Amino acid sequence: MHEFSVASGIVESVLVESKKHGAEKVTKIVLEIGQLSMISVDQLVFALEILIEGTAAQGAKVECRILPLKIECQKKHVSEIMPEKKDVYSLTRRLKCPVCGEVAKPLGGRECMIKEITAE
Ligand SMILES: [Zn+2]
């Protein structure tokens, strides 16, 4: 499961960061996930909850924010769209610029980053 390896990387970073700041307990983890990251948020949260068991982050609230998808068309219009998750796979093949209707391509969208760590 892809989400488990992503989650273990996240947990590792969270623990390293909180330790660096002398925190004893992590209470909240906020993640930002791109539309094209191919990550199932439910499975990622599930994996994280298992992996933080027994660590300083045990019981931390995990929040995932889905980032809007940035697209650029041939005329260089850059727009941000928020497609339904289920449509993303087919959408990337026929993205249209909302300004002029030309074919557009995604800029990034594969992010999976730690946005915030709350610790005490
Ligand atoms: Zn355009």
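Thresholds applied
Residues numbered from 1 in each chain as written. Predicted model: local features only at pLDDT ≥ 70, side-chain atom pairs only at ≥ 80, totals over all residues. Buried ≥ 20, exposed ≤ 12 C-beta atoms within 10 Å, placed from the backbone. Helix = DSSP H or I, 4+ residues; strand = E, 2+ residues; numbered from the N terminus. Arc of directions from axis to C-beta. Contact = placed C-beta atoms within 7 Å. Axes fitted to C-alpha atoms, helices over the stretch in contact; angles between N-to-C directions. Parallel < 35°, antiparallel > 145°, perpendicular 65-115°, else oblique. Left-handed = near helix turned anticlockwise from the far one by under 90°. Nonpolar A, V, L, I, M, F, W, Y, C, P; charged D, E, K, R; others polar. pLDDT = per-residue confidence, 0-100. Pairing = 2+ DSSP bridges. Domains from an automatic or database assignment.

Student: I keep staring at helix α2 (residues 41-51) and nothing clicks. Help me out?
Tutor: Helical geometry note: an α-helix holds 3.6 residues per turn, so side chains three or four residues apart project in the same direction. Of the residues making up α2, those classed as buried are L44, A47 and L48. Seen along its axis, α2 keeps its buried residues to an arc of 100°; they face one direction. Away from the buried face of α2 by more than 90 degrees, exposed residues D42 and I50 are located. Where the residues of α2 are buried, they touch α1 (2-20) and β2 (61-66).

Student: How do you make sense of the packing of α1 against α2 when you look at a structure like this?
Tutor: A pair of packed helices can be characterised by two numbers: the angle between their axes and the separation between those axes. The geometry of α1 relative to α2 is characterised by a closest axis approach of 9 Å and an angle of 50° between their N-to-C directions. By the angle class used here, α1 and α2 are oblique. By crossing handedness, the relation of α1 to α2 is classed as right-handed. Contacts between α1 and α2 pair E3, F4, V6, A7, S8, I10 and V11 from the former with Q43, L44, A47, L48 and L51 from the latter. In the contact of α1 with α2, the residues fall into 9 nonpolar, 2 polar and 1 charged.

Student: Would you take a moment to explain the confidence of the model for the protein chain for this structure?
Tutor: Predicted confidence across the protein chain gives a mean pLDDT of 91, with 92% of residues reaching 70 or more. At the low end of the mean pLDDT range in the protein chain sits helix α3 (residues 88-91), at 63; at the high end sits strand β1 (residues 26-33), at 97.

Student: Would you mind going over the sheet that holds β2 with me for this structure?
Tutor: The strands that make up a sheet pair up through hydrogen bonds in the backbone, lying either parallel or antiparallel. An order of β2-β1-β6 is seen for the 3 strands of this open sheet, with the pairing classed as mixed. Strands at the two margins of the open sheet, each flanked by one partner only, are β2 and β6 (112-119). Geometrically, the sheet is characterised by an average inter-axis angle of 20° between neighbouring strands, direction not taken into account. Pairing geometry for β1 and β2, over 6 bridges, is parallel. Pairing of K28 across the sheet is with K61, part of β2. Taken strand by strand, α1 contacts β1 and β6, and its axis lies near 40° from that of β6. On the sheet, α2 packs against β1 and β2 and is oriented at approximately 155° with respect to β2.

Student: What should I look at first to understand the domain arrangement of the protein chain in this one?
Tutor: Put simply, an interface is often sized by how much accessible area is lost when its parts join up. Under the domain assignment, the protein chain is made up of domain 1 (2-68 + 109-119) and domain 2 (69-107). In this structure, domain 1 and domain 2 have C-alpha centres spaced 28 Å apart. The interface of domain 1 with domain 2 comprises 4 residues on the first partner and 8 residues on the second. By residue class, the composition of the side of domain 1 that touches domain 2 is 2 nonpolar, 2 polar and no charged.

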